[in-house]
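Reading the structure
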Amino acid sequence: MSANTAATSQPRIRVEGLAQRFPAPDGNGETTVFEDIWFSVEPGEFVCLIGHSGCGKTTLLNILAGLATASAGNVIVSGQEVTGTSLDRAVVFQSHALMPWMTVMGNIAFAVSSKWPRMAKKDLHAHCQKFIDLVHLTGSENKKPSQLSGGMKQRVGIARAMAIEPQIMLLDEPFSALDALTRGSLQDELLSICAETEQTVFMITHDIDEAILLADKIILMTNGPDARICEIVENTLPRERTRNNMHTQANYYPVRNHLIEFLVNRSVGFKDELASPDYDPRHPPVVGPTVVTDEAGETGTGVLRAQA
Amino acid sequence: MKSMSLKTRSIVLSIALLFAFAGLWQLMLPEGTGSAANMDPAYAALMGATAKGASAMPGPLEVAKQIWEHVLNPFYDAGPNDKGIGIQLGYSILRVLVGFSFAIIVAIPLGFLIGMSPLFYRALDPFIQILKPVSPLAWMPLALYTIKDSIISSVFVIFICSVWPMLTNTAFGVASVRKEWLNVAKTLEVGHLRTAFRVILPAAAPTIMTGMRISIGIAWLVIVAAEMLVGGTGIGYFVWNEWNNLSITNVIASIFFIGLIGMVLDMILSALTRFVTYAE
Ligand SMILES: Nc1ncnc2c1ncn2[C@@H]1O[C@H](COP(=O)(O)OP(=O)(O)OP(=O)(O)O)[C@@H](O)[C@H]1O
Ligand SMILES: [Mg+2]
């Protein structure tokens, strides 16, 4: 499931020249949130989007979900242009967005019965229960969201999204409001669930380690307004990584340092890189930071550059 | 005292206050006042027997006795001017419930429309703003003239006074449903009707119920005045009739029953509100 199959098969998501503009707050003109965004997501791929707060990540995700319309450009999902929301694309919202008057079971059943209105009551219950068990919430079926912890609420949100068995899951910083410990265990759960189901995932995050652990591909977005895609980082760590062993991987620090370098320095001054003739918004640079050993035996950080 | 719970202490205090009030009432009663001597002669003639020395103002015991009599025999019917207080209260409650139900039928769908559509909100707002502060009784002559039926007219007055709090609260509740819940419904491709019933209605239900609670309170205030105007039956008519009979005892007893029913109606609505309220 990597870039080499892209040439032959169709990508699951193809984003072409997406731009979003809003009327400027002072009433005259427009502010551009982002402009000329191009990237694609392959089937079964886990893609993370990293960028500073306010650069337009949620706006982008809402367009992918079909909740908002872009000012320019297209989103093509499995060969079809996105014109509205679809049950094939499930969203996990930045704030869990559970209905507080429904139980855990009720929230998930609401989603499942929306997808399969004619499903028999018994099957519906069994189907929901399967996903409640999957996110380890067995026993909390009849609790209301207000009786759950923040992490449990996010897990219900994930179960609700997975229960409709979508082609694509869109996650908007699902774990950012949680403490490190809870976040870690939820990341592990998400990782194992996605590995099992070969789910295509597009996820927004602020957390570099989270992206390195989960993502096959990390998209870097520059600061808004007028944000662009800076580059696409291929995760060079082996797929079998876990939260506990990933720090010992040789490529961990090269990838991590590359991402930090981006967030701290490059995301701000990207205007200069943009001006360079090498930058093509349709094919943002694809890099794969790895450890290189030179002839003298010194190890350093190398960056593999390729064109998408 | 310390060992008693707050609840028992409050009950003890309530009973003590009741007795203090009754005692004060008894003490304040003028003895043999109202003598025709120092009264305007025309007024004395109007007051009849009372003016000849008997106190028109009953004591608390008399009123309590009267209330007890009503409780023992609430539903007797001895002609148009002599019906049990239960029957009269029943008429009033029935009118309130009918007017209130019509108000629900109109206010909730209309409130949904206003709450969901900024166009309708703006278009209907001036009408609502002008009509809302009108005293419901101001509608009475118009209602009597057009409907030509005093009972339906009083029901209409109840309808018109109940409709505004429900309408504005429904519109507000619907308009302030969290965007993210609507987005959830949208990503799940839930139809309009199902979204209205499964998402918007439960989300706005506490606000809507609060509006209903305000409405039933106002309706119960207004029905007494409306029945005083149109006469015939109902607790409002009963109060006015007893005033004409100069039975202050019955007037006070009615005040007690009006308050009691008002309290019960409010308790029912408050229980329903609690039932639909959700914790976030
Ligand atoms: N409907 C709107 N009208 C005007 N401006 C908007 C609208 N929605 C978003 N914006 C602006 O677009 C920008 C991006 O917002 P967005 O919510 O996408 O940021 P984000 O990258 O998700 O940030 P965070 O990481 O804090 O969630 C912000 O500057 C915001 O003010
Ligand atoms: Mg966001």
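Residues numbered from 1 in each chain as written. Chains lettered and ligands numbered in written order. Predicted model: local features only at pLDDT ≥ 70, side-chain atom pairs only at ≥ 80, totals over all residues. Heavy atoms only, no water.

Summing up its helical and strand segments, chain B has 11 helices and zero strands in all. In sequence order, chain B lays out its α and β elements as α-α-α-α-α-α-α-α-α-α-α. For 280 residues, the compact-globule estimate of 2.2 N^0.38 gives 19 Å, and chain B exceeds it by more than 25% at 24 Å. When the backbone C-alpha atoms are referred to their principal axes, chain B occupies close to 80 × 65 × 35 Å. Among the 280 residues that make up chain B, the fraction classed as buried is 41%. Contacts spanning at least 24 positions in sequence make up 71% of the contacts within chain B whose residues lie at least 6 apart. (Helix = DSSP H or I, 4+ residues; strand = E, 2+ residues; numbered from the N terminus. Rg over C-alpha atoms; globule rule 2.2 N^0.38 Å. Buried < 20%, exposed > 50% of the residue type's maximum accessible area, 1.4 Å probe, protein only. Contact = heavy atoms within 4.5 Å.)

Turning to the pairing of strand β8 (residues 200-205) of chain A, a few remarks are in order. Residue and element names in this part refer to chain A. Of all six residues that make up β8, six are buried, and the element is covered over most of its length. Burial along β8 is two-sided: T200, F202 and I204 and V201, M203 and T205, pointing in opposite directions, are all buried. One ladder, built from five bridges, connects strand β7 (residues 168-172) with β8; its direction is parallel. Across the sheet, residue L171 finds its bridge partner in β8, namely M203. This β-α-β element, β7 to helix α5 (residues 180-197) to β8, shows right-handed connectivity. (Pairing = 2+ DSSP bridges. Right-handed = clockwise from strand over helix to strand, strands pointing away.)

A separate point is the packing of helix α7 (residues 150-175) of chain B against helix α9 (residues 192-230) of chain B. Residues and elements named next belong to chain B. At a minimum axis separation of 7 Å, α7 and α9 run at an interaxial angle of 155 degrees. Classified by the angle their axes make, α7 and α9 are roughly antiparallel. For the element pair α7 and α9, the recorded crossing hand is right-handed. By residue class, the composition of the contact of α7 with α9 is 18 nonpolar, 10 polar and no charged. (Axes fitted to C-alpha atoms, helices over the stretch in contact; angles between N-to-C directions. Parallel < 35°, antiparallel > 145°, perpendicular 65-115°, else oblique. Left-handed = near helix turned anticlockwise from the far one by under 90°. Nonpolar A, V, L, I, M, F, W, Y, C, P; charged D, E, K, R; others polar.)

Counting residues in hydrophobic clusters, the biggest one holds 158 residues, and the most contacted among them are F34(A), F39(A), I108(A), L190(A), F202(A), M203(A) and I218(A). Looking at this core element by element, the count peaks at 16 residues for α9(B). With near-sequence residues (within four places) excluded, F39(A) lies in contact with I13(A), R14(A), V15(A), L60(A), F202(A), I219(A), I229(A) and I232(A). (Core = buried A, V, L, I, M, F, W, Y, C linked by side-chain atoms within 4.5 Å.)

A few words now on the coordination of the magnesium ion (ligand 2). All names here are of chain A. Coordination of the magnesium ion (ligand 2) by the protein is provided by T58 (OG1) and Q94 (OE1), with metal-donor distances spanning 1.8 to 2.6 Å. Here T58 is found in helix α1 (residues 57-65), whereas its partner Q94 is found in the loop between β6 (89-92) and α2 (104-115), with 36 residues between them in sequence. Its relative accessible area of 29% is what places T58 among the partly exposed residues. The exposure class of Q94 is partly exposed, given its relative accessible area of 37%. (Donors = N, O, S within 2.8 Å, 3.2 Å for Na, K, Ca; no water.)

What follows deals with the site of ligand 1. Residue and element names in this part refer to chain A. Close to ligand 1 lie F22, V33, S53, G54, C55, G56, K57, T58, T59, Q94, E173 and H206. Here ligand 1 has 640 Å² of accessible area as a free molecule, and 57% of this is covered by the chains. A total of three residues in the shell around ligand 1 trace back to one element, the largest contributor, which is α1. The class makeup of the residues in the shell around ligand 1 is three nonpolar, seven polar and two charged. (Near = heavy atom within 4 Å. Areas by Shrake-Rupley, 256 points an atom, 1.4 Å probe, with all protein chains shown as cover.)

So, on to the state of the cysteines. Residue and element names in this part refer to chain A. One pass over the structure, following the stated rule, counts zero disulfides over all chains. No disulfide involves C128; its sulfur sits 19 Å from that of C194, the nearest cysteine. Residue classification places C128 among the buried positions, given a relative accessible area of 0%. C55 supplies the cysteine sulfur nearest to C230, a cysteine that is in no disulfide, at a spacing of 12 Å. (Disulfide = S-S within 2.5 Å.)

Another point: the confidence of the model for chain B. All names here are of chain B. Looking at chain B as a whole, the pLDDT averages 90, with 90% of positions reaching at least 70. Of all the helices and strands in chain B, helix α2 (residues 41-47) carries the lowest mean pLDDT, 60, while helix α4 (residues 85-116) carries the highest, 96. Scored below 50 in pLDDT, residues 33-37 makes eight contacts in the model with residues more than four places away or belonging to other chains. If you check the scores for this complex, the pTM reads 0.85 and the ipTM reads 0.86. (pLDDT = per-residue confidence, 0-100.)

On to α7(B). Residues and elements named next belong to chain B. In this model, α7 (26 residues) spans 38 Å end to end at C-alpha, consistent with the 38 Å of a helix rising 1.5 Å per residue. At V163, α7 shows its largest bend, some 30 degrees, and a proline, P165, comes one to four positions later. A large share of α7 lies buried, amounting to 19 of its 26 residues. For α7, the N-terminal capping position is held by D149, with its side-chain oxygen 2.8 Å away from the main-chain nitrogen of I151. (Expected span 1.5 Å × (residues − 1). Bend = angle between axes of the 7 residues up to and from the residue. Polar contact = N/O pair within 3.5 Å; in protein donor to acceptor, adjacent residues only side chain to side chain.)

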